[in-house]
Amino acid sequence: MIIRPATVDDIAAIHEIEVEIEGQSDAASQETLIARLRLFPYGFNVASEGDRVVGYLESLRWDGFNFAQYGELDFQKQHNPDGIELYIHYLARTRRMQSSGIGSSLVRNSIGYAQQENLVGITLVAGDWDAHAGIPLSTFYEHLGFSVVKELPEWLPGHTGTLMRFDTSK
Ligand SMILES: CC(C)(COP(=O)(O)OP(=O)(O)OC[C@H]1O[C@@H](n2cnc3c(N)ncnc32)[C@H](O)[C@@H]1OP(=O)(O)O)[C@@H](O)C(=O)NCCC(=O)NCCS
């Protein structure tokens, strides 16, 4: 498996994973995915096995933003290519390759980027709906060095989120 920058040619495969994980009605469209890729290509990476995309991670740079709900995020407005912090917006891998190290490798790649660019840290929100084998998603990120900042009780209708942060100075 390798981690590499996504290209427009990967979008159809990324969209397939997005639909598999989020369902057709909640999945970002291919147009939306292409717009996010063009907004910040360095922050959009895929994991691939041979010519097959098996996972992806989307992120942006900003100077921090005090948000409480997913609906407050507007990537086109909030992305700043010179921003001091990375925000990981989305991470997923194809279901058939669960627990193969894909998610961890994509996050570690972003940690490497943040350190190389001297960013102050990385933030993300772990949703409450993606527990695995009874272990909350926040634990997955804690194992990668992230700490809980606070709970976001109104992250999505009917769902809480956990705001988490990786401090690159540590
Ligand atoms: C989160 C996600 C990307 C992890 O990917 P993965 O490739 O399966 O993870 P890894 O193989 O690197 O797993 C590392 C460890 O975390 C655990 N883990 C994996 N997914 C987990 C989850 N959703 N919740 C809690 N722990 C998880 C694994 O069991 C493994 O534990 P182990 O080392 O004790 O065996 C994957 O669960 C996923 O695609 N979820 C759906 C989309 C989603 O909710 N994304 C996050 C929101 S932005």
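Everything numeric in this text was worked out from a predicted model, so none of it was measured. (Residues numbered from 1 in each chain as written. Predicted model: local features only at pLDDT ≥ 70, side-chain atom pairs only at ≥ 80, totals over all residues.)

### Some words on the overall build of the protein chain
Within the protein chain one finds five helices and seven strands. Beginning at the N terminus, the succession of helices and strands in the protein chain can be written as β-α-α-β-β-α-β-α-β-α-β-β. Relative to the 2.2 N^0.38 estimate, which gives 15 Å for 170 residues, the radius of gyration of the protein chain is 15 Å and therefore close to what a compact globule would have. With the principal axes as the frame, the protein chain shows a C-alpha extent of 35 × 35 × 30 Å. For the protein chain, buried positions account for 29% of its 170 residues. Counting only contacts in the protein chain whose residues sit at least 6 apart along the sequence, the fraction spanning at least 24 positions is 61%. (Helix = DSSP H or I, 4+ residues; strand = E, 2+ residues; numbered from the N terminus. Rg over C-alpha atoms; globule rule 2.2 N^0.38 Å. Buried ≥ 20, exposed ≤ 12 C-beta atoms within 10 Å, placed from the backbone. Contact = placed C-beta atoms within 7 Å.)

### Re the packing of helix α1 (residues 11-22) against helix α2 (residues 30-39)
Put simply, α1 and α2 touch, their axes get as near as 10 Å, and they point 120° apart. The orientation of α1 with respect to α2, classified from their angle, is oblique. Where α1 crosses over α2, the two elements pack in a sense that is right-handed. Contact residues: α1 offers I11, A12, I14 and H15, while α2 offers Q30, L33 and I34. Across the contact of α1 with α2, the residue classes break down as five nonpolar, two polar and no charged. (Axes fitted to C-alpha atoms, helices over the stretch in contact; angles between N-to-C directions. Parallel < 35°, antiparallel > 145°, perpendicular 65-115°, else oblique. Left-handed = near helix turned anticlockwise from the far one by under 90°. Nonpolar A, V, L, I, M, F, W, Y, C, P; charged D, E, K, R; others polar.)

### Details of the nonpolar core
The tendency in soluble globular proteins is for nonpolar side chains to be buried side by side. Grouped together as the largest cluster of nonpolar side chains are 33 residues, with contacts concentrated most on I14, Y56, I88 and L124. Of the residues forming this core, the biggest block, five residues, is contributed by strand β4 (residues 85-93). Those residues in contact with I14, other than ones at most four positions away along the chain, are A6, L33, V46, V53 and Y56. (Core = buried A, V, L, I, M, F, W, Y, C linked by C-beta atoms within 7 Å.)

### What about unusual backbone geometry?
The backbone phi angle of S99 is positive, close to 55°, even though this residue is not glycine. Tracing the backbone through its elements, the reader meets S99 in the loop between β4 and α4 (102-116). The exposed category is assigned to S99, around which 10 C-beta atoms lie within 10 Å.

### Comments concerning the sheet that holds β4
Read from one edge to the other, the open sheet built from seven strands follows the order β1-β2-β3-β4-β5-β7-β6, with strand pairing classed as mixed. Pairing within the sheet leaves two strands with one partner each, and these edge strands are β1 (2-5) and β6 (147-156). This sheet shows a mean twist of 25° between the axes of neighbouring strands, independent of strand direction. Pairing analysis gives seven bridges linking strand β5 (residues 121-127) to strand β7 (residues 159-167), with the strands arranged antiparallel. (Pairing = 2+ DSSP bridges.)

### Concerning the environment of E72
Note on placement: E72 falls in the loop between β3 (52-62) and α3 (75-78). Of the residues examined, E72 has 10 C-beta atoms within 10 Å and is grouped as exposed. C-alpha of E72 to C-alpha of W155: the two residues are 83 residues apart in sequence and 9.7 Å apart in space.

### Notes on the site of the ligand
Neighbouring residues of the ligand: 20 residues in total, closest I102, G103, S104, D130 and H132. Going through the elements one at a time, β4, α4 and α5 (137-142) are the ones with two or more residues in the shell around the ligand. Ranked by the residues each element gives to the shell around the ligand, the list is headed by β4, at four residues. Looking at the shell around the ligand residue by residue, the class counts come to nine nonpolar, nine polar and two charged. (Near = placed C-beta within 6 Å.)

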